[in-house]
Amino acid sequence: MPEASPSDTAAHRWFGRTARDLGPAERLVLTAAHQRSIISRNVGRDFDGELTFGQRLADKVAEFGGSWAFIASFGLFLLAWTVVNALLPRPFDTYPYIFLNLLLSMTAAIQAPIIMMSQNRQAARDRLDAAHDYEVNLKAEIEIMALHEKLDQLRTREIEALLARQQDQIDLLTRLLAEGRRPTDA
């Protein structure tokens, strides 16, 4: 039977599987743990750095469209529209403000998909953050388990050394008793 590679040994020890059976995240974590390298990174900066102009614009539209500033400014616009059309001798949009209704419908028809694009991108970023958090947490677990193993090895060595010293003392006492001397005579 061929000897297992270090990565297979570590994969079996930490994940209970061979290195070939691990997913990309587990392989990345295993490599980082083996090389003692840092796995955390700024996922948001990387993600935001790859956005196109249209994606950044959609994010700005969604950011403004979901704010109190938008609601207040739009409320003021509607109030101004109504007041102007009520006070003008020849209003350009008489009550029930059909042209205003058309403008509002077109604005909503354009704004909704733009906001959905931004939300979809935010969901993708959240999934990326979650995957990165999983990798970091997995590496932390592996490091903690490795520390526990090292502490257990140290504790075992200390106990073995203590038992060896006790055995030496028992042997010394047995020899002294066999020679007929008391331990205080030595």
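The numbering scheme is per chain: residues are counted from 1 as the chain's sequence reads. Note on the predicted model: pLDDT of at least 70 is required for a residue's local features to be given, and 80 or more for side-chain atom pairs to be given and counted; whole-chain, interface and lining totals, by contrast, use all residues. The side-chain figures draw on all heavy atoms in the structure; neither hydrogens nor water molecules are used.

**As for the packing of aromatic side chains**
For clarity, the cut-off: Between 30 and 60 degrees the pair is tilted, below 30 it is stacked and above 60 it is edge-to-face, where a pair is any two Phe, Tyr or Trp rings, Trp via its six-membered ring, whose centres lie within 6.5 Å. Comment: elements are numbered from the N terminus, with helices defined as DSSP H or I runs of at least four residues and strands as E runs of at least two. Each residue is placed in one exposure class: buried if its accessible area under a 1.4 Å probe, protein chains only, is under 20% of its type's maximum, exposed if it is over 50%, and partly exposed if it falls in between.
Across all of its chains, the model carries seven aromatic pairs by this definition. With a centroid separation of 5.7 Å and an interplanar angle of 55°, the aromatic rings of F77 and W81 are classed as tilted. On the criterion of helical spacing, the pair formed by F77 and W81 is a turn pair, its members being four residues apart in helix α5 (residues 68–87). Given a relative accessible area of 36%, F77 falls into the partly exposed group. The exposure class assigned to W81 is buried, which follows from its relative accessible area of 10%. Ring-pair connections join several aromatic residues into one group, and the members of that group are F64, F70, F74, F77, W81, F92 and F99.

**Things to note about the pattern of salt bridges**
Rules: Salt bridges are defined by distance alone: a side-chain nitrogen of Lys or Arg within 4 Å of a carboxyl oxygen of Asp or Glu.
Here the structure, examined in full by the defined rule, presents eight salt bridges. Of the charged contacts, one joins E143 and R36 as a salt bridge, the two residues approaching to 3.0 Å between their closest N and O atoms. With a gap of 107 residues between them, E143 in helix α6 (residues 98–179) and R36 in the loop between α2 (24–35) and α3 (43–49) connect regions that are remote in the sequence. A residue is classified by how much of its surface remains accessible, and R36, at 54% relative accessible area, is exposed. A salt bridge links E63 to K60; the shortest N-O distance between them is 4.0 Å. Taken together, the residues span about one helical turn, with E63 and K60 both in helix α4 (residues 53–65) at a distance of three residues. Here E63 falls in the exposed class, since its relative accessible area comes to 54%.

**Observations regarding a nonpolar patch on the surface**
Using the following cut-off: Patch definition: residues above 30% relative accessible area lacking any salt bridge, with like charges linked at up to 9 Å and the nonpolar side chains Val, Leu, Ile, Met, Phe, Trp and Tyr linked at up to 5 Å. Surface exposure here means Shrake-Rupley accessible area, sampled with a 1.4 Å probe, where a residue is shielded only by the protein chains that are shown.
A surface patch of nonpolar side chains, about 540 Å² in accessible area, is lined by V84, L88, F92, F99, L102 and M106. Looking at which element gives the most residues to the nonpolar patch, the answer is α6, with three residues. Residue placement: M106 occurs in helix α6. Accessibility expressed as a relative area gives 43% for M106, which makes it partly exposed.

**As for α4**
Residues lying three or four places apart along an α-helix face the same way, a consequence of the helix completing one turn every 3.6 residues. For clarity, the threshold we go by: An expected span of 1.5 Å times one less than the residue number is assigned to each helix. The arc in question is the one spanned by the directions pointing from the helix axis to the C-beta atoms. Should any heavy atoms of two residues lie within 4.5 Å, those residues are considered in contact.
Look at α4: 18 Å from first C-alpha to last across 13 residues, which is about the 18 Å you get at 1.5 Å a residue. Those residues of α4 not exposed but buried are A58, A62 and G65. Projected onto a plane normal to the axis of α4, the buried residues spread over an arc of 70° and lie on a single side. The exposed set on the far side of α4, more than 90 degrees from its buried face, consists of F53, K60 and E63. Considering only its buried residues, α4 is in contact with α5 and α6.

**Digging into α2**
Helix length check: α2, at twelve residues, gives a terminal C-alpha distance of 16 Å against a target of 16 Å (1.5 Å per residue), a fit within 8%. For α2, the set of buried residues is A25, E26, V29, L30, A32 and A33. Viewed end-on, α2 has its buried residues packed into an arc of 165°, placing them on one side of the element. More than 90 degrees from the buried face of α2, the exposed residues found are P24, H34 and Q35. One or two positions beyond α2, positive phi appears at R36, with a value near 55°.

**Examining the side chain of N85**
Worth spelling out the cut-off: Distance and chemistry together define a polar contact, namely a pair of N or O atoms within 3.5 Å, with one atom able to donate a hydrogen and the other to accept it when in protein, and with adjacent residues in sequence counting only for side-chain atoms on both sides.
Examined against the element boundaries, N85 turns out to sit in helix α5. Polar side-chain contacts of N85 include one of 3.3 Å to the backbone nitrogen of F92. Every residue in contact with N85, bar those within four places of it in the chain, is listed here: P91, F92, D93 and Y97.

**Some remarks on unusual backbone geometry**
That bond from Y95 to P96 is cis: its omega, 20°, falls within 30 degrees of zero. Position of P96 among the secondary structure elements: in the loop between α5 and α6. At R36, a residue that is not glycine, the phi angle is positive and equals roughly 55°. Phi at Y97 is positive, roughly 55°, even though this residue is not glycine. As for its placement among the helices and strands, Y97 is situated in the loop between α5 and α6. A relative accessible area of 14% means that Y97 is categorised as buried.

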